[in-house]
Amino acid sequence: MTPARVGLLVLAVIAICYAGLSVRFTLVPTGEGLRNGSGGVLGNDFLFFYSASKLVLAGDPLTVFDQKRFFDLQEAIAGQRVQFPFAYPPHILLLLAPLALLPYLPALYAWLALTMAPFIYVMRRMSGAPLLALIFLPPLLQNAISGQNGALTATLVAGGIAALSAGRSLLAGLLLGCLAYKPQVFVLAPICLLACRDVRAFVGLCITGLGLPLLGLAAFGVDIWRQFIEHLPEQMSYVTSGRMPRNRFATVFIMFLDFTGNETIAKAVQALSTLCAWALVYWCWRRTRDVFARALAFAVAMPLATPYLYEYDFALWSLPAAILAMRIWRGEAGGLWWLALVILAFLPPMIWIVSTTKNNVTALPVLALVPFVIWAARCAAWTGANTSQGNA
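Residues numbered from 1 in each chain as written. Predicted model: local features only at pLDDT ≥ 70, side-chain atom pairs only at ≥ 80, totals over all residues. Heavy atoms only, no water.

Visitor: In this structure, what is going on with unusual backbone geometry? I would like to understand it.
Guide: In most cases, non-glycine residues show a negative phi, while peptide bonds are predominantly trans. The backbone of Asn-44 sits at a positive phi, close to 50°, despite the residue not being glycine. When you line up the elements, Asn-44 lands in the loop between helix H1 (3-26) and helix H2 (46-57). For Arg-197, which is not a glycine, the phi torsion comes out positive at approximately 55°. Structurally, Arg-197 can be placed in the loop between helix H11 (188-196) and helix H12 (199-220). Overall, Arg-197 belongs to the exposed group, its relative accessible area being 58%. (Helix = DSSP H or I, 4+ residues; strand = E, 2+ residues; numbered from the N terminus. Buried < 20%, exposed > 50% of the residue type's maximum accessible area, 1.4 Å probe, protein only.)

Printed below as a string of structure tokens:
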């Protein structure tokens, strides 16, 4: 066995150990109601998705933005004091509503299975990695232990990239348009498709990107949209004031806010970072059709393009990590690409582990991946790669 393969097996063992410990303390019942092994609620953030679904089923969706009543409902369900604010556009409630038909734990496990399985399937097709290895990828597990929607976001992005690669432009656009439920990620989609100059894909993007908010408007009315918009500044104030765990944000904004203490400076640097992220993803998607380069560019641009992105949103990083790991396994990549693999695979859990530290520097490893995006795009363009098997 080659040293590279031994190294990959060592990383796999580390990932499996992390998975076992994290799942044990966050997703396995302790017998004390919905309390998990770490003292929080099973599924963590899933509680506010489930609470929102209960309100939709009860015909009272407006309450998701009435924080006192929403928090009271969460505490009634969890049996402990928890306060997760709702920060999503109203049309996501259409997706969440069926969860209320199940008890909490079956709904949690169904949510994780139904959002993670399609992403694992797409990764399997695009990378050729073993199924077991994909299940234990740390970025994907980080989303699971948070009970969050990062796997859904990853499914839509990976599905869009795969559909474009297969020449199914309309389907690609429809999938990427569904990202409208997460606006800070959705904004990258039209930039990518403008770079592709694919009219059919852009039409698909418009159909779902505009259709879903309109469907939400028809289902829930205007008032809930007004409350959502009014709630946005308050949501961001939770981050800047420290009422939410901002060190779980590997963004340029939070890094500069921590080091300067000046919100104006942090916003200015974030604005520059956003423009550079847009330029990076446009350049990469314009230069090559290689799925590894495109997936890597989108994944790296996500935290650089917004001030607000938790570590569970990095589930998409599993895709370029899986493709890169298989290239190293086959002897097609090595050297500094090991650094890229370690960052892609292990930065999300490291963000979570060190989130209690005083200063947040987790944006630095994200920035360290930018040269790899440029190199991947250049290599793919030189070799004419159009699939996940292109050279790195």
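After presenting the structure, the write-up continues.
Visitor: I tried to follow the packing of aromatic side chains on my own but got confused; where do I start?
Guide: Each aromatic ring pair is characterised by the separation of its centres together with the angle its planes make. The full count for this structure, using the stated rule, is 24 aromatic pairs. Here the guanidinium or amino end of Arg-24 rests over the ring plane of Phe-25, the centre of that ring lying 5.5 Å away. (Phe/Tyr/Trp six-rings, centres within 6.5 Å; stacked < 30°, edge-to-face > 60°. Lys NZ or Arg CZ within 6 Å of the ring centre and 35° of its normal.)

Visitor: Help me understand the packing of H11 against H12, please; the structure alone is not making it clear to me.
Guide: Packed helices, taken two at a time, are described by the angle between their axes plus the distance between the axes. Between H11 and H12, the shortest axis-to-axis distance is 9 Å and the interhelical angle comes to 160°. Considered as vectors, H11 and H12 are oriented roughly antiparallel to each other. In terms of crossing hand, the pair formed by H11 and H12 is left-handed. Between H11 and H12, the residues in contact are Ala-189, Pro-190, Leu-193 and Leu-194 and Ala-201, Phe-202 and Leu-205, respectively. Taken together, the residues of the contact of H11 with H12 break down into seven nonpolar, no polar and no charged. (Axes fitted to C-alpha atoms, helices over the stretch in contact; angles between N-to-C directions. Parallel < 35°, antiparallel > 145°, perpendicular 65-115°, else oblique. Left-handed = near helix turned anticlockwise from the far one by under 90°. Contact = heavy atoms within 4.5 Å. Nonpolar A, V, L, I, M, F, W, Y, C, P; charged D, E, K, R; others polar.)

Just geometry here; none of it tells us what the structure is for.
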